[in-house]
Amino acid sequence: MSLVEKKIIYFKETGEQNTDALFKIVKEYVEKEGIKDIVIASTTGETGAKASKVLKGNNIIIVTHCFGFREAGKFELEDDHKSELLANGAKILTGIHALSSVERAIRKDFGTLQPLELIANVLRLMGEGTKVCVEITVMAADAGLIPSDRDIVAIAGTSRGADTALRITPANAARFFDLRIREIIAKPSNF
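Because the structure is predicted, anything quoted here is derived from the model rather than measured.

1. Concerning the environment of K50
Right, on to step 1. Take K50: it is sitting in helix 2 (residues 46–54).
Right, on to step 2. Under the relative-accessibility criterion, K50 is labelled partly exposed at 33%.
Right, on to step 3. Separated by 34 residues in sequence, K50 and E84 place their C-alpha atoms 9.2 Å apart.
Right, on to step 4. If we ignore the near neighbours within four places in the chain, the residues touching K50 are T19, D20 and F23.

Given below as structure tokens:
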């Protein structure tokens, strides 16, 4: 029998208070594991800007909400954070959410849950950050910003900040079930 023992960090609570500690954990992890591709969820760009400083030198992909996500015609990424992200060499991806898109409108207007939102809700059994990590990985793979033939690290959070990091073998949306969550690096245990 072959066993590999690795450490997982569990935060007691969800939230942005875990952000700085999570970035330190991920920095050590990617250096040890030789991972260069990191996908990070960031709405206003604040979390992404912090990550782009700490993890600079890697292929950093910041995935934002799409235009109109919260309010029609509005974009939540703040200009000062966008400038900092780009100055730190990060790439910014803005697109429709891989696990909701038009299906969210169908649910809201017709009250019917569709397959993508069902998948999202199942992933939420491990926490909101887990769902978002998977979603942004698919989005980045579909945009051609990360490879699908080697592992990446995905970082997301619950509401604001970052509290979840996963090692994932990416897949495009058309091959979604080839995606693999290979390791939990850190996540909240109380969500």
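Alright, that's what it looks like, and here's the rest.
2. A short note on helix 5 (residues 115–123)
Right, on to step 1. Within helix 5, burial applies to E117, A120 and L123. Projected down its long axis, helix 5 carries its buried residues within an arc of 115 degrees, all on one side.
Right, on to step 2. Each element contacted by the buried residues of helix 5 is listed here: helix 4 (101–110), helix 6 (128–142) and strand 7 (180–188).

3. Regarding the environment of T158
Right, on to step 1. Position of T158 among the secondary structure elements: in the loop between strand 5 (152–156) and strand 6 (164–169).
Right, on to step 2. Separated by 29 residues in sequence, T158 and G129 place their C-alpha atoms 5.6 Å apart.
Right, on to step 3. Once residues within four sequence positions are removed from consideration, T158 is found in contact with T14, G15, E128, G129, D163 and P188.
Right, on to step 4. Here D163 takes part through its side chain, which lies 3.0 Å from a polar atom of the side chain of T158.

4. Looking at helix 1 (residues 19–33)
Right, on to step 1. Taking 1.5 Å of rise per residue, the 15 residues of helix 1 would be expected to cover 21 Å, and the 21 Å separating its terminal C-alpha atoms lies within 8% of that figure.
Right, on to step 2. For helix 1, the full list of buried residues reads T19, L22, F23, I25, V26, Y29 and V30. Looking straight down helix 1, one finds that the buried residues subtend no more than 160 degrees of arc, so they occupy a single side. Summarising the geometry of helix 1, the exposed residues directed more than 90 degrees from the buried face are D20, K24, E31 and K32.
Right, on to step 3. Trailing helix 1 by a residue or two, G34 shows a phi angle of about 70 degrees, which is positive.

5. Some remarks on the packing of helix 1 against helix 2
Right, on to step 1. Where helix 1 contacts helix 2, the axes come no closer than 10 Å and their chain directions differ by 35 degrees. Taken as a pair, helix 1 and helix 2 cross one another with a handedness that is right-handed. Across from T19, D20, F23 and K27 in helix 1, the residues of helix 2 making contact are T47, K50, A51 and V54.

6. Here we look at the pairing of strand 6
Right, on to step 1. Taken across its 6 residues, strand 6 has 6 buried, putting it largely inside the fold.
Right, on to step 2. Where burial is concerned, the two faces of strand 6 agree: the one with T164, L166 and I168 and the one with A165, R167 and T169 are both buried.
Right, on to step 3. With 5 bridges joining them, strand 5 and strand 6 adopt antiparallel strand pairing. The partner of A156 across the bridge, within strand 6, is T164.
Right, on to step 4. The pairing of strand 6 with strand 7 spans 5 bridges and is antiparallel. Of the residues in strand 7, the one forming a bridge with I168 is I181.

Calculation rules
- Residues numbered from 1 in each chain as written.
- Predicted model: local features only at pLDDT ≥ 70, side-chain atom pairs only at ≥ 80, totals over all residues.
- Heavy atoms only, no water.
- Helix = DSSP H or I, 4+ residues; strand = E, 2+ residues; numbered from the N terminus.
- Buried < 20%, exposed > 50% of the residue type's maximum accessible area, 1.4 Å probe, protein only.
- Contact = heavy atoms within 4.5 Å.
- Arc of directions from axis to C-beta.
- Polar contact = N/O pair within 3.5 Å; in protein donor to acceptor, adjacent residues only side chain to side chain.
- Expected span 1.5 Å × (residues − 1).
- Axes fitted to C-alpha atoms, helices over the stretch in contact; angles between N-to-C directions.
- Left-handed = near helix turned anticlockwise from the far one by under 90°.
- Pairing = 2+ DSSP bridges.

Purely geometric stuff here, so don't read any function into it on its own.
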